[in-house]
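# What the coordinates show
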Amino acid sequence: MLTRREFISVPLLYLLARNLEAFAGDTPEVFPQGVASGDPTQDSVVLWTRIEPKVHESMKRDLVLEISTKPDFSEVVQVRVPADRINPSRDYTVRLTIDGLKPGGTYYYRFVYADVPSLTGRFKTLPVGSPEEFRFAFITCQNYADGYYSAFRHISQEDVGFVVHLGDQIYEKIYGPPRVPGRDLNLPSGGKIALTLEDYLYLYRTYLSDKDYQLARAMHPFIYIWDDHEYANDYSYDYEGGYYLLPGHPFYRKKVQSLALRRIAIQAWLTYTPAKVKVDLDSRDPLKWITIYRDFKVGDLLHLICTDERSYRTPQPCNRRYADPGCPEQRKTSMLGKEQKAWFFRKLEEKGYHWKVWANEVQFVQGRVNGLFGSLDAWDGYAGEREEIIRFLESKAIDNLVIISGDRHAGLVAEVPDKFEGDYQKVLAMEFMTPALSSISAAEATWWRDYGVSSHVEFAQVEKNQNPWTKYLEHKIWGYSVLTLTKDRAVGEMFSVDKYKKDAEKERAVRAVYERGKRITLL
Ligand SMILES: [Fe+2]
């Protein structure tokens, strides 16, 4: 189990000049999952890598981290990680929080093990003051078996300050044979669903064996939140029983096993995710084991608020059936939980930023097709609390909000209206949902047949007609999105990258411009 020593906070030790000729190239045999940075602030960052166990067990060397403001590492700061800190309890990974950096700086880093350097990584600390412009990328849903990660290669080339991962970084279940060659997954326990720590670690390790994913993690800091599949599909919390409900799972309504699995899922997430979050696995309250909701500030331009929409949610209403009418429970459910909601409202109200961006995992705006809701697992199942958020935005006159979302495996752009009726008067925010990076979409599934339509294309058309706040909806798309913020405008761009091709090009699917409180313009 992890302890509070989880994060190794180290001072920067010493500066030294070094000839770098000997340190070129990447070395997968020593660093098979590459390097990563995460959770940047004005003066700190989290750096991560993993050493190949066979190499470490045979050599038992210290690991050296080098950080430099120069791409040629002509001046470096070194941090030494003792050999005994690299061990099986963390699956041979190392995570370091580095403090004392300068705001708005570009830094290069690499790990060196027994004179062998890793891939060189790069990160930027967040700026202070009044930046003219800030761009960041965001992604969701990257099932390894469902497609290639060409989108990550394009992300690695984007000029962005960070990448927000909205969740489904792994999928705990193997849904069938891979959709592209060479992406087989075989859980160590032999089943089709992760039930052991080794299963979850195997998934992270295998997903991270992909070179395009490694490249994106090396080139930009990542800010990770999670969706459901980092633990179990569509999970929720049973407040009376004090444990998680995992529908359709072998541990459904099994308190001891579902809580043990929760600890395992958290441990695996922490092992492979370069995040700085509060962890207290000794707490008697499972809701206190990990707190991933947190916020980031980019000068006075952006306040990024990240929430956790899985860990505290009450069960989906109406047994997750999508029928309408007859689901009054939708008004009584909570997605955020009491404590997180109070925190979220406080953060929304914090003044002094041109833009607020809410990193929200699941679709916020209503989506009802021929009388049926698209998903009661998204905010439609939590309509009472959504209403509370809308009234809060309205009463506080907050209109500088962009909601970024994922989970649905579709691309969507919507005006968040003051009410979900055709003749809505006000636009309170823009919702910009990024499509799955590689996971199965409606174009490959058949669930749309339940809605009395003849294709996923017709489904999208009917959803737009019947939900007029939704301005753009596309099911047959995979890729990533970029948000560019200037003082006056938030511009969302969705990039389509064919997951079936290893060398796919990117193509812009839609560009949406939002000026606070105005109608969205699509280009
Ligand atoms: Fe997903």
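Here the structure is shown first, and the text comes after it.
Remember, it's a predicted structure, so these values are computed and weren't measured experimentally.

## A word on the overall build of the chain
Across its full length, the chain holds eight helices and 30 strands. A compact globule built from 523 residues should have a C-alpha radius of gyration of about 24 Å, and the chain, at 22 Å, falls within 12% of that. Projected onto its principal axes, the C-alpha positions of the chain cover 65 × 50 × 45 Å. Here the chain, with 523 residues, has 63% of them falling under the buried criterion. Surface accessibility of the chain: about 19,900 Å² in total, with carbon and sulfur atoms responsible for 50%. With 70 positive and 72 negative side-chain charges, the chain shows a spacing of 2 Å between the two charge centroids.

## Brief notes about the pairing of strand β7 (residues 93–98)
Among the six residues in β7, six count as buried, and that is most of the element. On β7, burial covers both faces: Thr93, Arg95 and Thr97 on one face and Val94, Leu96 and Ile98 on the other are all buried. In the sheet, strand β4 (residues 45–50) pairs with β7 via six bridges, with the strands oriented antiparallel. By the bridge assignment, Thr49 is partnered in β7 with Val94.

## Focus on helix α6 (residues 338–349)
The end-to-end C-alpha separation of α6 is 17 Å, in line with the 16 Å expected for 12 residues at 1.5 Å each. If you check which residues of α6 are buried, you get Gln340, Lys341, Trp343, Phe344, Phe345, Lys347 and Leu348.

## Comments concerning the nonpolar core
In this structure, Phe136, Phe162, Trp269 and Leu304 are the most contacted members of the largest nonpolar core, which totals 134 residues. In terms of residue count, the dominant contributor to this core is helix α5 (residues 255–272) (nine residues). When neighbours within four sequence positions are excluded, Leu304 is seen to be in contact with Phe162, Val164, Ile223, Arg294, Asp295, Phe296, Val357 and Ala359. Core analysis: the second largest hydrophobic core is formed by 25 residues, Phe31, Val35, Val81 and Leu101 among them.

## Here's the deal with the coordination of the iron ion
Within the protein, the atoms that donate to the iron ion are Cys141 (SG), Asp168 (OD), Tyr171 (OH) and His409 (NE2), at distances of 2.0 to 2.4 Å. The coordination sphere of the iron ion comprises four donor atoms, whose angles at the metal cover 83 to 169°; the geometry is irregular. The sequence pattern describing where the donors of the iron ion fall on their chain is C-x26-D-x2-Y-x237-H. Pair noted here: Cys141 is in the loop between β11 (133–139) and α2 (150–157) and Asp168 is in the loop between β12 (163–165) and α3 (197–207), with a separation of 27 residues, a long-range link. Overall, Cys141 belongs to the buried group, its relative accessible area being 0%.

## Section: the packing of α2 against helix α4 (residues 211–219)
Where α2 contacts α4, the two axes come as close as 7 Å, and the packing angle between them is 20°. By the angle between their directions, the pair α2 and α4 is classed as roughly parallel. Considering how the two elements wind past one another, α2 and α4 form a crossing that is left-handed. Contact with α2, carried on its side by Ser150, Phe152, Arg153, Ile155 and Ser156, involves Asp212, Tyr213, Leu215, Ala216 and Met219 of α4 and no other residues of that element.

Conventions adopted
Residues numbered from 1 in each chain as written. Predicted model: local features only at pLDDT ≥ 70, side-chain atom pairs only at ≥ 80, totals over all residues. Heavy atoms only, no water. Helix = DSSP H or I, 4+ residues; strand = E, 2+ residues; numbered from the N terminus. Rg over C-alpha atoms; globule rule 2.2 N^0.38 Å. Buried < 20%, exposed > 50% of the residue type's maximum accessible area, 1.4 Å probe, protein only. Areas by Shrake-Rupley, 256 points an atom, 1.4 Å probe, with all protein chains shown as cover. Lys, Arg positive; Asp, Glu negative; His and termini not counted. Charge placed at Lys NZ, Arg CZ, Asp CG, Glu CD. Pairing = 2+ DSSP bridges. Expected span 1.5 Å × (residues − 1). Core = buried A, V, L, I, M, F, W, Y, C linked by side-chain atoms within 4.5 Å. Contact = heavy atoms within 4.5 Å. Donors = N, O, S within 2.8 Å, 3.2 Å for Na, K, Ca; no water. Tetrahedral: all angles 85-135°; square planar, octahedral: opposite > 155°, others 65-115°. Axes fitted to C-alpha atoms, helices over the stretch in contact; angles between N-to-C directions. Parallel < 35°, antiparallel > 145°, perpendicular 65-115°, else oblique. Left-handed = near helix turned anticlockwise from the far one by under 90°.

These figures come from the coordinates and say nothing about function on their own.
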